[in-house]
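Here is what each chain is made of, one letter per residue.
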Amino acid sequence: MNCEEYITNYLSAHADGELTPEEEHAAAQHLGGGPTDGCPKCRSRLAEERLLKALIKRQAGAIKTPEELRARINAALDQIDRGPPARRIGSAVVRELGRPRVWVPLAAAAMLFVVLLAGGGLSGLHRHAEPTANGVSAIPAREALDQAVYSYETFETAFRPTVSSYSLSAIAMDYGSADMTDLVWNLQYAGYGVVGSRIDQLPDGNPVTYTLYHGRNSDILCTRYKASDFAVPPGAVGEIHGHLLYEYEGYSLCVTVSEKGHFICVLTTSEPMDRLRHDISLARAFSIVR
Amino acid sequence: MEDKRGSEKRVLFEREALPHVDALYSAALRLSRNPDDARDLLQETVLRAYRFFHQYTPGTNCRAWLLTILYNNFRNGYRSADREQVSLTPEDFERAVEGLSARGDRAPTDPEALVLEHVLDQEVSAALDGLPAEFRTVLLLVDVQELNYQEAAQLLEIPIGTVKSRVSRGRQMMRVALGAFARRRGLVR
């Protein structure tokens, strides 16, 4: 090995402890140990590389988070722990119903299957929906709903649309060009205007689209994922035109799985369920291609 | 009972994740290069991590998991800026740095002449901020956050060989920049 080869191919990984045992051996042979054997020049380069690492770490590593920012984050965590403010529907407190992190109760899960079996229009949706013995659904479904609820909470305070135009056709076109379905909820007749839309990537790299609608009393967020395989969560409290309704984490949700199973759409709102059901009954589908 | 489950999650989160907040804040500052954006990025990251904490596997590298969320948030928030990012080669970078240097007419840096012991912290900072994003990011992950190449590769979703070459080229660029600063101060001829 000559110096150029060492510096180009070995030096950085050597300083980082990332050489394989064979490479380590070859590097050690080149570097040597004493003043007369091996390569003192590359040895000092290695020392310098390590120093550079330390300098970078020292400069960029030791920044304290401002106390006031920590306090703000803790307050936001408290807020998540408390959940959204409880609302009354009749005599029931919604938050108590919505809080469970696990898709129970069994009776509700059983009810869903009755609904699915009775509603022929939903056939095909429930092929992966068999609950485990304790009635807990597969994880991806919960993640899809968690993501929807999380995004709703985030976007209610700050929404940065990626589509500059707020018209449904501009949004549909943008979704279409991003290889997401161009089908968009039109909630105009239910009294909701479009705030904007956003295309993002989930932590796993899959695309997700958000369409935020603003109404008189509340917002509705449509979160849409690509999916080849989706376990419909048990625990639905109802169904309307083939969409399943859930009360989750204190929010009202409407879950749709596209006919071919390629997309999942979750509508999230802090409105009570009967209100969401009413909004959906007035909703239209908007699409450029259909 | 619900409250109990909620507080157990919180206790675990405070034990596993919150000790890394300073590291996340440092990374957010370096990635965004803007204190306001860094604050938003940090808060978004911590809240998202809490919301998705059930996806974290206890016993694995929590800092790497948190940094993945931070990096993804950053990438999403800055999508258009990223697209405009021009990738520089070390040679382009060298020319750019030399252009800034008061002694820009000198021959390209002689690595032998570098005196890293005498560089100033603000020079390290300026050199780091001046790196193209893809090189800055790997150095932040490997040198500052002490992730290994495999962890950095997973986080960035790039091959491990790419991490290796970016670390090497990134440090090379740092040396060039620091050398130019040192020459400007007359430390090195």
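Quantities reported herein were computed from a predicted structural model and do not represent experimental measurements.

## Some thoughts on the overall build of chain B
When you go through chain B residue by residue, the secondary structure sums to 10 helices and zero strands. Burial analysis of chain B (189 residues in total) assigns 42% to the buried set. Within chain B, residue pairs in contact and separated by at least 24 positions form 74% of the contacts whose partners lie at least 6 positions apart.

## Some remarks on unusual backbone geometry
One non-glycine residue, A:Glu249, lies in positive phi territory at about 55°. Inspection of the secondary structure puts A:Glu249 in the loop between strand E8 (243-248) and strand E9 (251-257). For A:Glu249, a count of 23 C-beta atoms within 10 Å puts it in the buried group. A positive phi angle, close to 55°, is found at B:Glu146, a residue other than glycine. Of note, B:Glu146 is situated in the loop between helix H8 (133-144) and helix H9 (149-156).

## Quick look at helix H1 (residues 3-15) of chain A
Residue and element names in this part refer to chain A. For H1, built from 13 residues, the straight-helix expectation of 18 Å at 1.5 Å per residue is missed by more than 12%, its first-to-last C-alpha distance being only 15 Å. At Asn9, H1 shows its maximal kink, close to 45°. Every buried residue of H1 is accounted for by Tyr6, Tyr10, Leu11, Ser12, Ala13, His14 and Ala15.

## Side note on the environment of A:Glu156
Residue and element names in this part refer to chain A. Inspection of the secondary structure assignment puts Glu156 in helix H7 (residues 139-157). Looking at Glu156, the number of C-beta atoms within 10 Å reads 15, which means it is partly exposed. In this structure the C-alpha to C-alpha distance between Glu156 and Asp219, which are 63 residues apart in sequence, comes to 7.5 Å.

## Brief notes about the interface of chain B and chain A
With 44 residues of chain B at the interface, the matching set in chain A holds 35 residues. Going through the elements one at a time, helix H1 (2-16), helix H2 (21-32), helix H3 (35-51), helix H4 (62-77), helix H7 (121-130), H8 and helix H10 (160-184) of chain B are the ones with two or more residues in the side of chain B that touches chain A. At eight residues, the largest contribution of residues to the side of chain B that touches chain A is made by H3(B). By residue class, the composition of the side of chain B that touches chain A is 21 nonpolar, nine polar and 14 charged.

Definitions and limits used
- Residues numbered from 1 in each chain as written.
- Chains lettered and ligands numbered in written order.
- Predicted model: local features only at pLDDT ≥ 70, side-chain atom pairs only at ≥ 80, totals over all residues.
- Helix = DSSP H or I, 4+ residues; strand = E, 2+ residues; numbered from the N terminus.
- Buried ≥ 20, exposed ≤ 12 C-beta atoms within 10 Å, placed from the backbone.
- Contact = placed C-beta atoms within 7 Å.
- Expected span 1.5 Å × (residues − 1).
- Bend = angle between axes of the 7 residues up to and from the residue.
- Nonpolar A, V, L, I, M, F, W, Y, C, P; charged D, E, K, R; others polar.

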